[in-house]
Amino acid sequence: MEHIAIIGNGISGVTLARHIRKNSDKRITIISSETEHFFSRTALMYIYMGHMKFENTKPYEDWFWDKNRIELKKGFVKQVDTASKMLHFAEGDTLKYDKLVVATGSKPNKFGWPGQDLKGVMGMYHKQDLESLETYAPNKETCNRAVIVGGGLIGIEMAEMLNSRNIPVTFLVRENSFWNGVLPKGESEMINRHIKSHHIDLRLSTNLKEIVSDENGKVKSIIIEETGEEIPCNVVGLTAGVAPNIDFLKDSGIEIGRGVKVNRFLETNVADVYAIGDCAEQHEAIGNRRPIEAVWYTGRMMGEVLAQTICGNKMAYKPGHWFNSAKFLDIEYQTYGWVFSERSKPEHEAHFHWKHEDDTKCITVAYHKDTNLFLGINTFGIRMRHEVFDRWLTEARDVDYVMHHLAEANFDPEFYKTFETDILKAYTNQLQTV
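Definitions and cut-offs
Residues numbered from 1 in each chain as written. Predicted model: local features only at pLDDT ≥ 70, side-chain atom pairs only at ≥ 80, totals over all residues. Heavy atoms only, no water. Pairing = 2+ DSSP bridges. Helix = DSSP H or I, 4+ residues; strand = E, 2+ residues; numbered from the N terminus. Axes fitted to C-alpha atoms, helices over the stretch in contact; angles between N-to-C directions. Buried < 20%, exposed > 50% of the residue type's maximum accessible area, 1.4 Å probe, protein only. Core = buried A, V, L, I, M, F, W, Y, C linked by side-chain atoms within 4.5 Å. Contact = heavy atoms within 4.5 Å.

1. A look at the sheet that holds strand 22 (residues 331-337)
Here is step 1: With respect to topology, 5 strands assemble into an open sheet ordered 21-22-25-24-23, the strand pairing being antiparallel. Here the strands that pair on one side only, and so sit at the sheet edges, are strand 21 (323-328) and strand 23 (349-355). Strand-to-strand twist across the sheet, computed as the mean angle between neighbouring axes with direction ignored, equals 10°.
Here is step 2: Two strands pair when backbone bridges link them, and strand 24 (residues 362-368) and strand 25 (residues 374-380) are joined in this way by 6 bridges, in the antiparallel orientation. Residue pairing for strand 25: Cys362 is matched across the bridge by Phe380.

2. Thoughts on the pairing of strand 22
Working note: regular strand, side chains alternate between the two faces of the sheet.
Here is step 1: Burial runs high along strand 22: 6 of the 7 residues are buried.
Here is step 2: Two elements, strand 21 and strand 22, share 6 bridges in a ladder whose sense is antiparallel. Across the sheet, residue Phe323 finds its bridge partner in strand 22, namely Tyr336.
Here is step 3: Hairpin remark: strand 21 followed by strand 22, antiparallel, with 2 residues in the connecting loop; positive phi at Leu329, about 55°.
Here is step 4: Here strand 22 runs beside strand 25; their pairing, made up of 5 bridges, is antiparallel. Bridging from a neighbouring strand, Gln334 pairs with Thr379 of strand 25.

3. Section: the nonpolar core
One broad trend across soluble globular proteins is that nonpolar side chains are buried collectively.
Here is step 1: By size, the foremost hydrophobic cluster in this structure holds 72 residues, and its most contacted members are Val80, Leu87 and Phe389.
Here is step 2: Here the element with the most residues in this core is helix 7 (residues 296-310); it accounts for 6 residues.
Here is step 3: For Leu87, the contacting residues outside a window of four places in its chain are Ala5, Ile7, Ile31, Val77, Gln79, Val80, Asp93, Thr94, Leu95, Tyr97 and Leu100.
Here is step 4: Judged by nonpolar contacts, the second largest core, of 39 residues, contains Leu130, Met161, Val169 and Leu329.

What follows is the structure, encoded as structure tokens:
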């Protein structure tokens with residue numbers, strides 16, 4: 001019986017295993033050194049905030065794996081020998097495979113800062129990071145202040161977590177406005193104000209110089225690059241992005257760049273070896289997408305597609321229209337299609353931006369300034385339907401059509417206040433003044 005070994009039990013690896021089982025009787029082993037069972041990584045923050053227990057983050061009961069004949073192995077893969085199709089574990093044992101899938105996800109970036117490996121320094125990606133945070137920041141008495149370095153989605157989640165326990169937070173963001181490499185100016189500035197309204201000490205255009213140790217090898221303070229200011233703290237969160245978690249593949253003969261290099265079928269340069277999820281790097285980026293996409297949704301899609309190929313129905317990875325969602329403290333964010341920031345906006349892209357007077361809701365609609373083709377939308381504080389925008393993008397609707405039919409895409413329940421009338425009015429006024 002063909003044996004499929006999957007290294008990594010995140011959304012990509014587990015989706016793959018489930019879909020191989022739906023379509024075949026192959027032997028499947030999922031390997032992880034992080035946890036015994038699959039859990040929802042995006043829900044880690046809610047454990048710390050007291051909204052859930054760890055067992056509530058497991059989408060499947062513990063008996064699910066046996067019932068579906070999916071073997072689970074807890075262990076750390078130290079080396080992959082592709083010639084003999086053998087995995088070597090740090091614990092000393094080995095495992096033979098017929099096909100191997102690398103789905104090892106990401107690890108937090110470290111940029112060689114002095115003190116980056118001290119006790120009390122952590123990312124917020126793995127379950128071990130959560131345990132570390134619980135050790136060093138259980139309450140505001142043990143942790144008088146935390147410093148977060150890096151202004152992405154994980155950074156804002158970590159700020160919210162610490163904030164929920166009344167731990168003072170200083171947030172160092174290298175850019176001059178929060179996430180402005182991704183968000184257009186109006187949205188980025190609204191999020192700056194929202195962060196500050198939660199009494200988080202947001203420092204823009206600010207870099208970390210070093211993390212200072214106390215006499216026990218634990219974080220005592222950080223020093224700011226630009227000013228030399230020293231900020232006493234007990235915890236440092238490193239959230240300046242993530243990188244593929246692939247160090248163990250260095251001598252395997254599998255081609256790696258920043259991630260594991262794959263073609264459109266998610267195949268590597270070595271026969272019977274594939275890579276999916278955060279650790280996979282496309283040789284050629286797909287459309288406007290990045291070659292590496294550390295996104296939950298794309299990881300799930302890759303798992304579904306590769307299962308088809310492994311089960312004999314060879315299928316290329318075609319992720320369709322870009323979409324993503326996140327939360328900035330109390331403000332929900334969704335994006336469909338492409339809305340570029342000022343820093344990366346192509347010449348032909350124009351934006352219509354509307355913001356509610358309460359400063360917690362806004363939308364930005366991107367369109368082609370010559371043809372009026374609808375390119376994408378960002379929404380903050382107003383929930384919209386994915387399938388409606390997906391359809392409009394496929395149908396190549398113009399911006400006028402989208403603005404006049406915006407109410408059809410609204411996802412908010414009955415009795416929620418709606419804003420489409422105000423948005424359309426603002427859009428019409430803008431057209432008249434152009």
